[in-house]
Amino acid sequence: MADSVLFEDIFTISVVDPDGKKFDRVSRLVAHSEQFDMDLLLDVNIDVYPIARSEKKFTLALAATLNLDGTQDDGTFDQTRRKSLADKYEYVMYGKVYKCTDASAAATAAGGGRRGSGATAKVEVYISFGGLLMCLKGEPNNLSNLLLDQRVYLLMRKVG
């Protein structure tokens with residue numbers, strides 16, 4: 001199972017819909033992770049997975065497959081009801097990594113070409129889940145398992 005999970009951390013929601021409500025059934029979450037110091041922007045279908053204002057923490061995992069043994073799947077829904085990684089989570093989406101950027105290089109260009117002393121390199125990984133978008137920003141070593149054009153599952157569950 002560990003081979004199929006590409007990233008996992010607990011996030012704390014700081015803002016819901018920072019730019020106001022754009023769609024009736026979608027909320028945009030702004031969150032920060034506990035373990036890896038990652039920033040997250042995530043669109044969630046609140047008809048399917050409602051998030052109350054009082055709910056502040058959730059676990060987010062990105063996986064290459066839902067098979068517990070780590071074998072690849074073809075991305076279609078498996079109706080056999082056998083156990084899968086999805087059984088451990090409440091909300092699952094399937095999407096594609098469509099963009100990876102070096103956030104520190106963009107900040108350097110915007111700042112006149114100077115890198116601040118002690119600045120840590122950051123990358124941004126963008127994933128589309130059928131129009132629901134995610135941006136995960138952090139240190140490259142924490143996101144090195146995510147590759148451009150890779151298909152991934154997003155798995156979420158609320159924490160206490």
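Predicted model only: the values in this text are computed from it and were never measured. Every chain is numbered independently, its residues counted from 1 as its sequence is written. In keeping with the model being predicted, local features are shown solely for residues with a pLDDT of at least 70 and side-chain atom pairs are shown and tallied solely at 80 or more, while totals for entire chains, interfaces and linings include all residues. Based on all heavy atoms of the structure, the side-chain values leave hydrogens and waters out of the count.

Enquirer: Looking at this model, I keep getting lost on the sheet that holds strand S7 (residues 132-138). Mind explaining?
Expert: Note on sheets: strands pair through backbone hydrogen bonds, and any given pair is parallel or antiparallel. Pairing between strands is defined by DSSP: at least two bridges between them are needed. Secondary structure elements follow DSSP: runs of H or I no shorter than four residues count as helices, runs of E no shorter than two count as strands, and numbering proceeds from the N terminus. With antiparallel pairing, the eight strands of this closed barrel are ordered in space as S1-S2-S3-S7-S6-S5-S8-S4. Mean inter-strand twist for the sheet, computed between neighbouring axes without regard to direction, equals 35 degrees. With seven bridges joining them, strand S2 (residues 26-33) and strand S3 (residues 39-45) adopt antiparallel strand pairing. Following the sheet pairing, arginine 28 is matched in S3 by aspartate 43. To get an axis, a line is fitted to the C-alpha atoms, and for a helix only the part in contact is used. The angle between two axes follows their N-to-C directions and goes from 0 to 180 degrees.

Enquirer: In this structure, what is going on with the layout of surface pockets? I would like to understand it.
Expert: Where empty space is left becomes clear once a probe the size of a water molecule has been rolled over the atoms. Of the volumes computed, that of the largest pocket is approximately 480 Å³. Within this scheme a cavity is a closed region of a 1 Å grid, computed over the protein atoms alone, that accommodates a 1.4 Å probe without allowing it to escape, whereas a pocket is open but has protein on both sides within 12 Å along at least five of seven lines; lining residues each have an atom within 4 Å of a point. Lining the largest pocket are 17 residues, with Leu66, Thr76, Phe77, Asp78 and Ser84 sitting closest to its centre. Classifying every residue of the lining of the largest pocket gives six nonpolar, six polar and five charged. Within this model, the second largest pocket holds a volume of roughly 170 Å³. Contributing to the lining of the second largest pocket are Asp17, Pro18, Asp19, Gly20, Lys22, Phe23, Val26, Ser27, Arg28 and Asp43. Grid points are joined across faces, edges and corners, and a volume is the space filled by probe spheres set on the points. Residues were grouped as follows: Ala, Val, Leu, Ile, Met, Phe, Trp, Tyr, Cys and Pro as nonpolar; Asp, Glu, Lys and Arg as charged; and all remaining residues, including Gly, as polar.

Enquirer: Any chance you could explain the pairing of strand S4 (residues 57-63) here in plain terms?
Expert: Note on strand geometry: in a regular strand, side chains alternate between the two faces of the sheet. The cut-offs for exposure are 20% and 50% of the maximum accessible area for each residue type, with area from a 1.4 Å probe on protein chains only; residues under the lower value are buried, those over the upper are exposed, and the others partly exposed. The buried fraction of S4 is high, at six of seven residues. In this structure, S4 lies alongside strand S8 (residues 151-158), joined through six bridges in antiparallel fashion. Bridge pairing in S8 places alanine 63 opposite tyrosine 153.

Enquirer: Just to check I follow, could you spell out the pattern of salt bridges for this structure?
Expert: Where charged atoms from two side chains of opposite charge approach closely, those side chains can pair. Salt bridges, as used here, are contacts in which a Lys or Arg side-chain nitrogen is within 4 Å of a carboxyl oxygen on Asp or Glu. Counted by the stated rule, this structure contains six salt bridges. Close ionic contact of lysine 57 with glutamate 34 constitutes a salt bridge, the shortest N to O distance being 2.5 Å. Taken as a pair, lysine 57 in strand S4 and glutamate 34 in the loop between S2 and S3 lie far apart in primary sequence, 23 residues in all. Classification of lysine 57 as partly exposed rests on a relative accessible area of 34%. Its relative accessible area of 45% is what places glutamate 34 among the partly exposed residues. In this structure, the salt-bridge partner of lysine 96 is aspartate 149, at a minimum N-O distance of 3.8 Å. Here lysine 96 is found in strand S5 (residues 91-102), whereas its partner aspartate 149 is found in the loop between helix H2 (140-143) and S8, with 53 residues between them in sequence. Given a relative accessible area of 29%, lysine 96 falls into the partly exposed group.

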